[in-house]
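A closer look at the structure
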Amino acid sequence: MVQLLNQFIQKWMPVLTPLSLVIGVLLEKIGTHFLFLVPVLFAVMTFISSLNLKFRDIKVFKQYPKTILFVIAFLHILMPLWAFFLAELIFDDRLLTIGFLISVAVPTGVTSVIWVTISKGNLPLSLAIILIDTLLAPILMPLILHLVVGESISLNTSALIFDLIWMIVLPSILGILVNEWTKGKLFEQYGKPMSLVSKLCLFGIIMINSSAIAPYVKTIDLELAKVIAVVLFLAVSGYVFSLVLGRLLWKSEADQATFVFNGGMRNIAVGVVIATTYFPSKVAMPVVFGMLFQQVLASIFYKIIRKNSEAV
């Protein structure tokens, strides 16, 4: 039963994700009372996701130091600059600019492992990127936000760092320790039910946080349409940049596929938590909408990679 439900949710993720957003908006008055649960749900998600990681994944850095550093620079310098440029060009609203920045400054998505695996990418490299980027999040995210936000909006940097450590770093380390201690048997035996719990946590995060942006999305206007369009364009451009740069920089198709998914996907759920916790609710708009396109775009670019591979 659990396996069937897990497969059903996996198949219909592109539909269930926006549905969760809509439910959250409709249940605005109820959802706002559960905002305190979001960090807990995210910590649980992070712990479950980390049960596939091992400390030795960091050792891969010795094999691919330039590649990993470039991917991190792409994720936390090039894409934030691109997001900042687009937001400043199209919107005259600092809150939306911060939202777009958060949506791309978050660590790479853990679910990129799934797409790297099925596209026959470099799995050890992908795992190393995810682990290193996740552990660097409490340093990189506050730094990026501090540089952009400056004095325009008050930001409690120390509290932000603490929350990132609590939500990302500690659950990740705990998950790795459990994986090492059980020699991977825990996830082998209970992987499917835990994967289901992780997906339900994600839907819970989306629904609860959607209630925070409800006042901005209940009325469909030109600004809302522009926000969604720019979110989609930014997400697509991230994949396109990764695809083009990957082909220019690496001959290995496995490394190219790895860069496409690690460069294109984001751990957007943490961005939603940060946006709703530390900024006015309008900041969360671009971040929440970013969740709508992740899996759909991943499937599209997987097909592109596969066709190009077959053509060669």
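Residues numbered from 1 in each chain as written. Predicted model: local features only at pLDDT ≥ 70, side-chain atom pairs only at ≥ 80, totals over all residues. Heavy atoms only, no water.

Going by the annotation in an unreviewed UniProt entry, the name recorded for the protein is Bile acid transporter, with Solibacillus isronensis B3W22 given as the source organism.

The subject of this paragraph is the overall build of the protein. A tally of regular secondary structure across the protein gives 15 helices and 0 strands. Its C-alpha atoms give the protein a radius of gyration of 18 Å, within 12% of the compact-globule value 20 Å for 312 residues. Each principal axis of the C-alpha atoms in the protein carries an extent, and together these give about 45 × 45 × 40 Å. Taking all 312 residues of the protein together, 52% fall into the buried category. Intrachain contacts of the protein at a sequence separation of at least 6 include 84% that bridge at least 24 residues. Put simply, the protein shows about 14800 Å² of open surface, and 69% of that area lies on carbon and sulfur atoms. Between the averaged position of the 22 positive side-chain charges in the protein and that of its 15 negative side-chain charges there is a distance of 11 Å. (Helix = DSSP H or I, 4+ residues; strand = E, 2+ residues; numbered from the N terminus. Rg over C-alpha atoms; globule rule 2.2 N^0.38 Å. Buried < 20%, exposed > 50% of the residue type's maximum accessible area, 1.4 Å probe, protein only. Contact = heavy atoms within 4.5 Å. Areas by Shrake-Rupley, 256 points an atom, 1.4 Å probe, with all protein chains shown as cover. Lys, Arg positive; Asp, Glu negative; His and termini not counted. Charge placed at Lys NZ, Arg CZ, Asp CG, Glu CD.)

Turning next to helix α6 (residues 94-105). Along its 12 residues, α6 runs 16 Å from first to last C-alpha, staying within 8% of the 16 Å computed at 1.5 Å per residue. Within α6, 10 of the 12 residues are buried, leaving the element largely enclosed by the surrounding structure. For α6, the set of buried residues is Leu96, Thr97, Ile98, Gly99, Phe100, Leu101, Ile102, Ser103, Val104 and Ala105. With a side-chain oxygen lying 2.9 Å from the backbone nitrogen of Leu95, the N-terminal cap of α6 falls on Asp93. (Expected span 1.5 Å × (residues − 1). Polar contact = N/O pair within 3.5 Å; in protein donor to acceptor, adjacent residues only side chain to side chain.)

Attention now goes to the confidence of the model for the protein. With 97% of its residues at a pLDDT of 70 or more, the protein shows a mean pLDDT of 85. Taking the mean pLDDT of every element in the protein, the minimum, 78, falls on helix α1 (residues 2-11) and the maximum, 94, on helix α5 (residues 65-90). (pLDDT = per-residue confidence, 0-100.)

Turning our attention to the environment of Leu26. On the secondary structure map, Leu26 appears in helix α2 (residues 13-26). Accessibility expressed as a relative area gives 69% for Leu26, which makes it exposed. Each C-alpha atom of the pair Leu26 and Met207 lies 9.4 Å from the other, and the pair is 181 residues apart in sequence.

Turning our eyes to something else, we now look at the pattern of salt bridges. Counted by the stated rule, this structure contains 3 salt bridges. The salt bridge partner of Glu88 is Arg94, with a shortest N-O separation of 4.0 Å. Its salt-bridge partner being Lys282, residue Glu223 comes within 3.5 Å of it at the nearest N-O pair. Remark: Lys282 occurs in the loop between α13 (268-278) and α14 (284-290) and Glu223 occurs in helix α11 (residues 222-249); sequence separation between them is 59 residues. Accessibility expressed as a relative area gives 32% for Glu223, which makes it partly exposed. Here Lys282 falls in the buried class, since its relative accessible area comes to 12%. (Salt bridge = Lys/Arg side-chain N within 4 Å of Asp/Glu carboxyl O.)

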